[in-house]
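# Structural characterization, general
Here is what each chain is made of, one letter per residue.
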Amino acid sequence: MTAIKMLRLDGNAADFEKRLQARLAWDASEDLEIHKRVLDIIGDVRNRGDRALIDYTNRFDRTAFKSGAELELSSGELKLAWDTLPSAQAIALQTAADRVSAYAEHQKLQSWQFTELDGTLLGQKVTPLDRAGLYVPGGKAAYPSSVLMNAIPAKVAGVGELVMVVPTPGGETNPLVLAAAYVARVDRVFTIGGAQAVAALAYGTETVPAVDKIVGPGNIYVATAKKLVFGQVGIDMIAGPSEILIICDGQTNPDWIAMDLFSQAEHDENAQAILISQDAVFLDKVEASINQLLPTMERADIIRASLTGRGAFIKVADLAQAAEVANRIAPEHLELSVENPEALADNIRNAGAIFMGRYTAEALGDYCAGPNHVLPTSSTARYSSPLGVYDFQKRSSLINCSAAGAHNLGKIASVLARGESLTAHARSAEFRV
Ligand SMILES: NC(=O)c1ccc[n+]([C@@H]2O[C@H](COP(=O)([O-])OP(=O)(O)OC[C@H]3O[C@@H](n4cnc5c(N)ncnc54)[C@H](O)[C@@H]3O)[C@@H](O)[C@H]2O)c1
Ligand SMILES: N[C@H](CO)Cc1c[nH]c[nH+]1
Ligand SMILES: [Zn+2]
């Protein structure tokens, strides 16, 4: 096995910015081809409904479904999966679900209103979505934890109906995924994936009900489909390959840091794992740990491809510069493996989730710490936030004018409406003055 040599970047080099951006760039060379293929799939599912859904599912997931009804799992199947789960798994799943739920309760938006002096009431009414679609990835790996992370905030928000889709390659259902759907009280589960599942959720078929919003991560076909159906339905975000950025002061066990980098690299050949330190000798030690630990990993090939293709070690002058670089990268996950993580966190503006201190492995957040693991990737943490209860709630403005309020506001509206030459607007307001 050839040793991995991590790409080294120097934060003070003249070409640093250029080299960093090149490393962060997400290869979009195939995008147009995939875009076209996904558009075709969506169009076909819209036109032919279940028939197209079944054809694509059988083709891409190597299944042999004949009718739409076969695509749905019964509530009995979900319960059976839960009832027959080994007790250690059942306890872990339930504990994780309880923690995710307790955290989500803090995120609930509440309706509010206030009354003005003339008796006019203004406010905002918060309403859960009627029906949400949850995409749970299932191509290369099964993700029971993603079931919890997507479904629980929706339930806490009070969504009327939760419809989950998950591909079952080769027709194999994953018991832990089904048990997670049971624990999270998902209402309906369909064994479909990819762009065809997203299209079915967006437009509905004879079997799959159309939803109001689709959430959840997935591969490039899923992400592209979500982009294309946006507008017909809401979407949470376009989640790209997993990312981890670690800032370490050089005092954490290098094996821990190497394994934390592996933890996200093992998701995908395109996952991104980056380490920043002011200590060049420590970077060497972590590289040695990587090479020592890699042969012990089950997903060594994926980790190797990820680290060599998209990983990097960045040497900076000090932790202040490390924070600056992290803000530019705006990673999905940021570990602050330093002596005083609170002080460093004060300087962080852009990150999906911040894991503070040497003991806070990112993996804990993936499963059971409580915060959601569906997070903004590809630098989108500059402007977006983790999946949460608020993604399943919408807001309506409330206006209830008293007679006095209608009089006061009517005069203002009239002037502005006439300024826009919108006479009906003006007269509608004036009638009440
Ligand atoms: N951000 C997060 O929170 C999070 C969580 C879990 C997983 N992930 C990511 O989600 C992704 C999951 O990807 P996956 O592939 O394992 O599962 P997936 O469920 O996203 O994709 C599988 C589906 O892709 C479709 N597909 C495969 N090849 C195709 C082709 N040639 N043409 C058309 N459709 C095709 C098939 O329909 C298949 O059902 C990974 O990148 C992983 O890192 C992210
Ligand atoms: N790290 C992933 C999000 O990037 C979530 C996950 C699920 N299972 C393990 N990890
Ligand atoms: Zn993970």
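Residues numbered from 1 in each chain as written. Chains lettered and ligands numbered in written order. Predicted model: local features only at pLDDT ≥ 70, side-chain atom pairs only at ≥ 80, totals over all residues. Heavy atoms only, no water.

How we decide: UniProt positions are given in the numbering used here, feature names are shortened, and annotations may be inferred rather than shown by experiment.
The protein chain is annotated in an unreviewed UniProt entry as Histidinol dehydrogenase of Methylomonas koyamae. UniProt, in the comment section headed Catalytic activity (unreviewed entry), describes the protein chain in these words: "L-histidinol + 2 NAD(+) + H2O = L-histidine + 2 NADH + 3 H(+)".

### A word on the site of ligand 2
Note the following rule: In this text, near means that some heavy atom of the residue lies within 4 Å of the molecule or strand in question. Any pair of N or O atoms that falls within 3.5 Å is considered a polar contact. Within protein, one atom must be able to donate a hydrogen and the other to accept it, and sequence-neighbouring residues count only if both atoms are side-chain atoms. Residue exposure ignores everything except the shown protein chains as possible cover, and the areas themselves are Shrake-Rupley values with a 1.4 Å probe. Ten residues, namely Ala, Val, Leu, Ile, Met, Phe, Trp, Tyr, Cys and Pro, are considered nonpolar, four, namely Asp, Glu, Lys and Arg, are considered charged, and the remaining ones, Gly among them, are considered polar.
All residues adjacent to ligand 2 are Y143, S145, S242, Q264, H267, E332, H333, D366, Y367 and H373. In the environment of ligand 2, an oxygen atom lies 2.9 Å from a nitrogen or oxygen atom belonging to the side chain of S242. Protein burial of ligand 2: of its 290 Å² of free accessible surface, 91% is covered by the chains. Its residues assigned to classes, the shell around ligand 2 comprises 2 nonpolar, 6 polar and 2 charged.

### Topic: the sheet that holds strand β9 (residues 234-235)
Paired through backbone hydrogen bonds, the strands of a sheet run either parallel or antiparallel to each other. What counts here: Being paired, for any two strands, means DSSP has found at least two bridges between them. Each helix is a run of H or I in the DSSP string that is no shorter than four residues. Each strand is a run of E no shorter than two, and both are numbered from the N terminus.
On the basis of which strands lie adjacent, the open sheet formed by 6 strands has the order β2-β7-β6-β5-β8-β9 and mixed pairing. The sheet is open, and its two edges are formed by β2 (72-73) and β9, each paired on a single side.

### A few points about the site of ligand 1
Spelled out, the test is: An automatic or database domain assignment is the source of the domain bounds shown.
Near ligand 1, the surroundings consist of 26 residues, among which D61, Y135, K140, N219 and D268 are the closest. Protein burial of ligand 1: of its 870 Å² of free accessible surface, 88% is covered by the chains. Elements with a contribution of two residues or more to the shell around ligand 1: α3 (50-61), α8 (194-203) and α9 (220-229). Along the lines of polarity and charge, the residues of the shell around ligand 1 split into 10 nonpolar, 11 polar and 5 charged. Each of domain 1 (8-28 + 241-369) and domain 2 (32-108 + 128-235) contributes no fewer than three residues to the shell around ligand 1.

### Some points on the sheet that holds strand β4 (residues 121-128)
Inclusion rule: Lines fitted to the C-alpha atoms define the axes, with helices restricted to the stretch that makes contact. Angles between their N-to-C directions range from 0 to 180 degrees.
Pairing is antiparallel in the open sheet, where 3 strands are placed in the order β3-β4-β15. The sheet is open, and its two borders are formed by β3 (112-115) and β15 (393-400), each paired with just one other strand. Recorded for the sheet is a direction-independent mean angle of 20° between the axes of neighbouring strands. Relative to β4, β3 runs antiparallel, the two being bridged by 4 bridges. Bridging from a neighbouring strand, F114 pairs with L122 of β4.

### Section: the coordination of the zinc ion (ligand 3)
Here is the rule: Each metal's donors comprise the N, O and S atoms found within 2.8 Å of it (within 3.2 Å for Na, K or Ca). Water is not part of the atom list, so some coordination spheres may appear incomplete. Working rule for geometry: tetrahedral if four donors all subtend angles between 85 and 135 degrees; square planar for four, octahedral for six, if opposite donors exceed 155 degrees and the others stay between 65 and 115; irregular in every other situation. Partly exposed describes any residue whose relative accessible area lies between the buried limit of under 20% and the exposed limit of over 50%, with all areas from a 1.4 Å probe on protein chains only and scaled to the type maximum.
Coordination sphere of the zinc ion (ligand 3), protein contribution only: H267 (NE2) and D366 (OD), at 2.1 Å. Seen from the zinc ion (ligand 3), its 4 donor atoms lie at angles of 88 to 177°, and the figure they make is irregular. In this pair, H267 sits in the loop between α10 (254-265) and β11 (272-277) while D366 sits in helix α15 (residues 362-367), placing the two residues 99 residues apart along the sequence. Here D366 falls in the buried class, since its relative accessible area comes to 10%.

### Notes on a nonpolar patch on the surface
Rules: To count toward a patch, a residue needs a relative accessible area over 30% and no salt bridge; like charges are then connected within 9 Å, while nonpolar side chains (Val, Leu, Ile, Met, Phe, Trp, Tyr) are connected within 5 Å. One speaks of a salt bridge when a side-chain nitrogen belonging to Lys or Arg is within 4 Å of a carboxyl oxygen belonging to Asp or Glu.
A contiguous nonpolar patch, built from L409, I412 and L416 and spanning about 290 Å² of accessible area, is present on the exposed surface. Mapped onto the fold, I412 is located in helix α16 (residues 403-419).

### A word on the UniProt feature "binding site: NAD(+)" (unreviewed entry) in the protein chain
What counts here: Only heavy atoms matter for contacts: two residues are in contact if any of them lie within 4.5 Å across the pair.
UniProt's entry tags Y135, Q196 and N219 with the feature "binding site: NAD(+)" (unreviewed entry), counted in the numbering of this structure. These annotated residues cover 85 residues of sequence, and their C-alpha atoms lie no more than 12.7 Å from one another, placing them together at a single site. Looking at where Q196 falls in the secondary structure, it is placed in helix α8. With a relative accessible area of 2%, Q196 lands in the buried category. When near neighbours in sequence (up to four residues on either side) are disregarded, Q196 contacts I41, V45, L53, Y56, T57 and F60. Among the polar contacts made by the side chain of Q196, one reaches the main-chain carbonyl oxygen of G193 at a distance of 3.0 Å. Overall, the relative accessible area of 46% leaves N219 in the partly exposed class. In this structure the side chain of N219 is engaged in a polar contact, spanning 3.1 Å, whose partner is the backbone nitrogen of Y221.

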